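# Analysis of the macromolecular model
Read off the chains here:
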Amino acid sequence: MADTTTDPYSESSLTQSYVIFRLGGEDYTLEVMRVQEVLDMGALTHVPGGPPSLRGVLNLRGKVVPVYDLRLPFGLTVDPTPTRAPCVLMVESHNNGEVSVTGLLVDRVSDVLDFSPDEVQPAPQLGLGKASPFVRGLIRHQEGFLLVLDVDRVFAALAGAKIGIAGGF
Amino acid sequence: MSGDDRFREMFFEEARELLLSLEEGLMELERRKDDRAHLDKTFRAAHSIKGAAAMVGMSGIADFTHGVEAVLDKVRNKTLNVDSDVISTLLEARDHLATAVEAEAAGFAIPAPIDLIKRLEIFLQDPATITPPPAPARPKAPVILLPPEPPIVAPTAKKPRAKKGAGTSPEAKAKKPTKKSAGAETPSTLKAKPGLNLFRISLRPGPEMLKRGVNPLGVLDELRDLGSCKVTTDPDEIPSLAELDPERCFFTWNIELETAVGPDRLDDVFLFVAEDSTVTIEQIDERGIIKIPPPAHEAVAPSPAVVATKPKPLLSPLIPPKEPLTAIISASDLAATILPKPAPSKPPAPEAPRPLNTASNKVPTRIRVDAGQLDDLVGLAGELAVLSDNLQGLRELEGSNTWITTLEALDRVSRLIRDTTLELRMVPVEELFSRFPRVVRDLADRSGKEIELRIVGQDTRLDRTIVERLSEPMIHLIRNAVDHGLETPEERQAMGKPRMGRITLQAGHEGDRVALRIEEDGRGLNREAIVKKGIAKGLVPIGTSVDDPRVDTLIFEPGFSTRDQVSELSGRGVGLDVVRDAVRSLRGSLAVESQPGKGTAFIFRLPLTLALIDGLLVETAGSRYVVPLAQVEECVALNGTQPALSKGRPCVSVRGELVPMVPLRSVFHCTGPAPLRQELLLTRHAGQRVGVAVDKLLGRVQAVIQSLGEGLGVLGRFSGATILGDGSVSLILDLAALVAESRAADTQRAIQMQLSSPSPQPSA
């Protein structure tokens, strides 16, 4: 990567935009490419018997889309009386050439920022609790860190949980 | 997707279709031995597969197909008689091809079974010659050192080439008799040059050739396989770099081919390029003179004296070297012929080989669409209809007069859109039925029974998914019919029935459903044995009469019959529960009708479409659910009736009958007290009435079903979701799964209670 950093052209082309969002008291981030849209949390239909992290399904322009709450599996705090309604990140996942959309419930979306790859540091093995396997890296931002979410791993774990492999998700 | 992948994808699609028509062709061939046009069509299917496979570089498939094609060609040339052995082998070869194509699609190649290759080879051997060992690899040069076969002179004006048979353009027919070689062709180089034909060929690819995925080099390779080739490339037309279109081929190839084969053989080579390329073939006779051919339409009509045919040369690893080569003898020595081949004359109307990657179909235009996109469209159209429904409420408002026409039009159009898109999902059951002649034939072969298959109503249209998913259940029933329903020819004769058993597949409408009947005129169900078994299994009370209507349906019970009861029960019941479950999962039902000694019929009754259901909207603990109307036999109000406990399960009395009850609230672990008045949805589970209790009935809905999304499909209790008029999502309950789930939980609980009797009953 040494040669690319000296070339301003390729450096800028490598810069990625990230959506910054708040999740259970932590600042998380996700490549903007993966986020189809952000919705205000609307009416969800509860799915009795679904996995605990499944908050329900919603109608996204005529398509039924599941919405998950990652705070439970990540062991994060759930604010019982949120000051504002949470919102839903519509995240795309690609599966055998098919694009499916899954909703992730977050406390709020604060910003979209550009970062270059060398600003993304490897995630520590410890200290992130249950979320550790799903954090791909850290980005130092202002006074704190942004946790880069590895959505593919999240979806894999969700899919596993649905068929009863990794319980608790 | 890269270009290569795209062509491979196209190949797979084409190949699947061609393999289907090959199979149908082979099946028909047995019945229509003398139908030349049909034979040609079948031959062409094989030839097209070969060409298409070679073009995408699947030489294994191409080589193997060549063997199939060669056998068909011998049939065409009347040097091989069609018998059931030939057909069976060819069908088996087709099956191998189908497997090989799917394997390639999955990314690996499978070799052809040696024994199959050998059996194909046997057909290709000439009875007059000694059995030679099969050539192991595709010969790069024409087979040499062969004794020429004495030419067989056709007694009648048979056209030498099947491909140009019935339905050919007059032009193609006319040039036929002019295709002569100089004297008897000798395949052997030992017999010196005069035995070979010399052709001068010019191939000028059309502008679209490369875009269609046709590789001109493949053509050159194929020519090289026929004989020795001198290829020169004419680059004159290559434009300057600035004007160069990289997707266009600007070369013209000039080929001098010295070969033992006749001009007709060359036609095959250019089958795929002729579409938009300019191909001229000139034949040079032994004096080295290129004869300018008479214009095709001026050529003389075929006359018996002129034409003589011989088996065509076949060059492939499957072909033993002794394979006789073409010898076309002409009475008048028309030593050389030029066969101009302007592209447009190439595809003869209905039997034209379907060139790869072209849309030159004259049949009603069809386009392929992505099934997923179609489903999306159905979903959206359904929602549009719902939204339009909602808007209709505006009509009631004051001052809405100006909008009434628009609202009405919106209502009409949105319904039309929904109905049309739903119609797009429908396919004729023919797609399902077309594979059964083959299945029945194989089964008849194996069982030694004589069977006639009748198919009725194959135009009946059904949801695509249903057609796809019914195949296995139907094959299961057909197999049962052959193995166990139909008697042997001897038995039938003894009973005064025709030797040949008959299986009838019938499709038709019954109200808003489609009924598929699989009927056979065999021995009928053995009710005594079924009743005995049913009593032994505790499925029916002791003393049940043989005439009890419940008896027949016993055969659908899981585990009702196993292998060792096959003979006793004439095999009925083996896995029939699986068939029934498959039909139920399609929201259909399975029934049986049987008369001793006269036969048995199984009847599938299926919804027209899976995309829409008629449902009941119900409410439990504040959530709304849709229940498929087809699953509900009856709704009964429970006015505070306290369920009684029977064997630890809650039961209620419905008109004197004690019916087990599954409260939805407890299955879904809802909190809060149930309302006094509940509604009981009566459904049937394992032949028994079961009630599912819900809080409220809200009304009937027509719902467009959507899948619950990835992974959530494993929640069997919901068969999907739908979007209600107010835009909210409602889950669709599968009552059968719910009842089964609750039963399983009951059993589990009972076991746990027995195991740990001191501990309190687990709260599930």
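Residues numbered from 1 in each chain as written. Chains lettered and ligands numbered in written order. Predicted model: local features only at pLDDT ≥ 70, side-chain atom pairs only at ≥ 80, totals over all residues. Heavy atoms only, no water.

### Here we look at the overall build of chain B
We apply this condition: Put simply, DSSP H or I for four residues or longer makes a helix, DSSP E for two residues or longer makes a strand, and each gets a number counted from the N terminus. Any residue under 20% of the maximum accessible area for its type is buried, any over 50% is exposed, and the rest in between are partly exposed; the area is computed with a 1.4 Å probe on protein chains only. Contact definition: two residues touch when any of their heavy atoms are within 4.5 Å. What sets the accessible areas is the Shrake-Rupley method with a 1.4 Å probe; for residues, cover comes only from the shown protein chains.
Within chain B, the regular secondary structure consists of 19 helices and 23 strands. The proportion of buried residues among the 764 residues of chain B is 49%. Across chain B, contacts joining residues at least 24 apart in sequence account for 72% of those joining residues at least 6 apart. Counting only carbon and sulfur atoms, one obtains 56% of the accessible surface of chain B, whose full area is about 35500 Å².

### Brief notes about the overall build of chain A
Helix and strand counts for chain A stand at four helices and eleven strands. Residues counted as buried form 44% of the 169 residues belonging to chain A. When contacts within chain A are restricted to residue pairs at least 6 apart in sequence, those whose partners lie at least 24 apart make up 53%. Accessible surface, chain A as shown: approximately 8900 Å² in total, 52% of it carbon and sulfur.

### Points about the interface of chain B and chain A
We apply this condition: Accessible area, probed at 1.4 Å, shrinks when two parts are joined; the buried area is that loss added up over both. What makes a salt bridge here is a side-chain nitrogen of Lys or Arg within 4 Å of a carboxyl oxygen of Asp or Glu, nothing more. Whenever two N or O atoms come within 3.5 Å, that pair is a polar contact, provided that in protein one can donate a hydrogen and the other can accept it, and provided that, for residues adjacent in sequence, both atoms are side-chain atoms. In this classification, Asp, Glu, Lys and Arg are treated as charged, Ala, Val, Leu, Ile, Met, Phe, Trp, Tyr, Cys and Pro as nonpolar, and every other residue, Gly included, as polar.
Across the boundary between the two partners, chain B contributes 20 residues, which contact 21 residues of chain A. A combined buried area of about 1600 Å² lies between chain B and chain A, and 61% of that area is made up of carbon and sulfur atoms. One can count one salt bridge joining chain B with chain A. Between Lys-63 of chain A and Asp-376 of chain B there is a salt bridge, with its nearest N and O atoms 3.1 Å apart. Along the contact surface separating chain B from chain A lie five residue pairs in polar contact (both at pLDDT 80 or more). Going through the elements one at a time, α9 (371–391), β22 (718–723) and β23 (729–733) of chain B are the ones with two or more residues in the side of chain B that touches chain A. Broken down by class, the residue content of the side of chain B that touches chain A amounts to twelve nonpolar, four polar and four charged.

### A word on the side chain of Thr-89 of chain B
Here Thr-89 of chain B shows up in helix α4 (residues 84–106). Judged by its relative accessible area of 1%, Thr-89 of chain B falls in the buried class.

### Some remarks on the sheet that holds strand β10 (residues 513–520) of chain B
Residues and elements named next belong to chain B. How we decide: Strand pairing is assigned whenever DSSP detects at least two bridges linking the two strands. Axis definition: a line fitted to C-alpha atoms, over the contacting stretch in the case of helices. Angles run 0 to 180 degrees between N-to-C directions.
The sheet built from five strands is open, its strands ordered β7-β9-β10-β12-β11 with mixed pairing. Of all strands in the sheet, those with a lone pairing partner are β7 (451–456) and β11 (589–595), marking the two edges. The sheet shows a mean angle of 15° between the axes of neighbouring strands, taken without regard to direction.

### A word on the packing of helix α3 (residues 59–76) of chain B against α4 of chain B
Residue and element names in this part refer to chain B. For clarity, the cut-off: Each angle receives one of four descriptions, namely roughly parallel if under 35 degrees, roughly antiparallel if over 145, roughly perpendicular if within 65 to 115, and oblique otherwise. Left-handed is the label given to a crossing in which the near helix is rotated counterclockwise from the far helix by less than a right angle, and right-handed is the label when the rotation is clockwise.
As a packed pair, α3 and α4 sit with axes 10 Å apart at the nearest point and diverge in direction by 160°. When the interaxial angle is binned, α3 and α4 end up roughly antiparallel. When you trace α3 past α4, the crossing you get is left-handed. For the pair α3 and α4, contact is made by Ile-61, Phe-64, Thr-65, Val-68, Val-71 and Leu-72 and by Val-86, Leu-90, Ala-93, His-96, Leu-97, Ala-100, Val-101 and Glu-104, respectively. When its residues are assigned to classes, the contact of α3 with α4 shows eleven nonpolar, two polar and one charged.

### A look at helix α17 (residues 576–585) of chain B
Residues and elements named next belong to chain B. Convention followed: Directions from the helix axis toward the C-beta atoms define the arc.
Those residues of α17 that sit buried are Leu-576, Asp-577, Val-579, Arg-580 and Val-583. The arc enclosing the buried residues of α17, seen along the axis, measures out at 160°, which places them on a common side. Contacts from the buried residues of α17 go to α13 (464–485), β11 and β12 (599–607). One or two steps after α17, the chain reaches Arg-587, where phi turns positive at roughly 60°.

### What to know about the confidence of the model for chain A
Residues and elements named next belong to chain A. This is how it is decided: Confidence of the prediction at every residue is given by pLDDT, a number between 0 and 100.
Across chain A, the average pLDDT comes to 80, with 81% of residues at 70 or higher. Mean pLDDT per element in chain A: helix α1 (residues 2–6) is the minimum at 46, and strand β1 (residues 16–23) is the maximum at 91. Note that residues 1–11 has pLDDT below 50 and, in this model, five contacts with residues that lie over four places away or in other chains. Note on residues 162–168: pLDDT is under 50 here. Beyond four places in sequence and across chains, it has eleven contacts.

### Digging into the sheet that holds strand β13 (residues 612–620) of chain B
All names here are of chain B. On the basis of which strands lie adjacent, the open sheet formed by five strands has the order β21-β13-β14-β23-β22 and mixed pairing. The outermost strands of the open sheet, each flanked by one partner alone, are β21 (696–704) and β22. On average, each strand axis in the sheet is inclined to that of its neighbour by 35°, with strand direction left out of account. Summarising the sheet, strand β14 (residues 623–628) and β23 pair through two bridges and their orientation is parallel. Bridge pairing in β23 links Val-626 to Ile-732.

### Observations concerning the pairing of β13 of chain B
In summary, the side chains of a regular strand alternate between the two faces of the sheet. Residues and elements named next belong to chain B. The buried fraction of β13 is high, at eight of nine residues. Taken together, the eight bridges between β13 and β21 define a ladder with antiparallel strand orientation. If you follow Leu-612 over to β21, its bridge partner there is Val-704. Sheet analysis places β13 next to β14, joined by six bridges and oriented antiparallel.

### Here we look at unusual backbone geometry
For residues that are not glycine, phi is negative in most cases, and the peptide bond is trans in most cases. Residues and elements named next belong to chain B. The backbone phi angle of Ala-621 is positive, close to 50°, even though this residue is not glycine. Relative to the elements of secondary structure, Ala-621 occurs in the loop between β13 and β14. One non-glycine residue, Arg-655, adopts positive backbone phi at about 45°. Assignment of secondary structure puts Arg-655 in the loop between β17 (649–654) and β18 (657–663).

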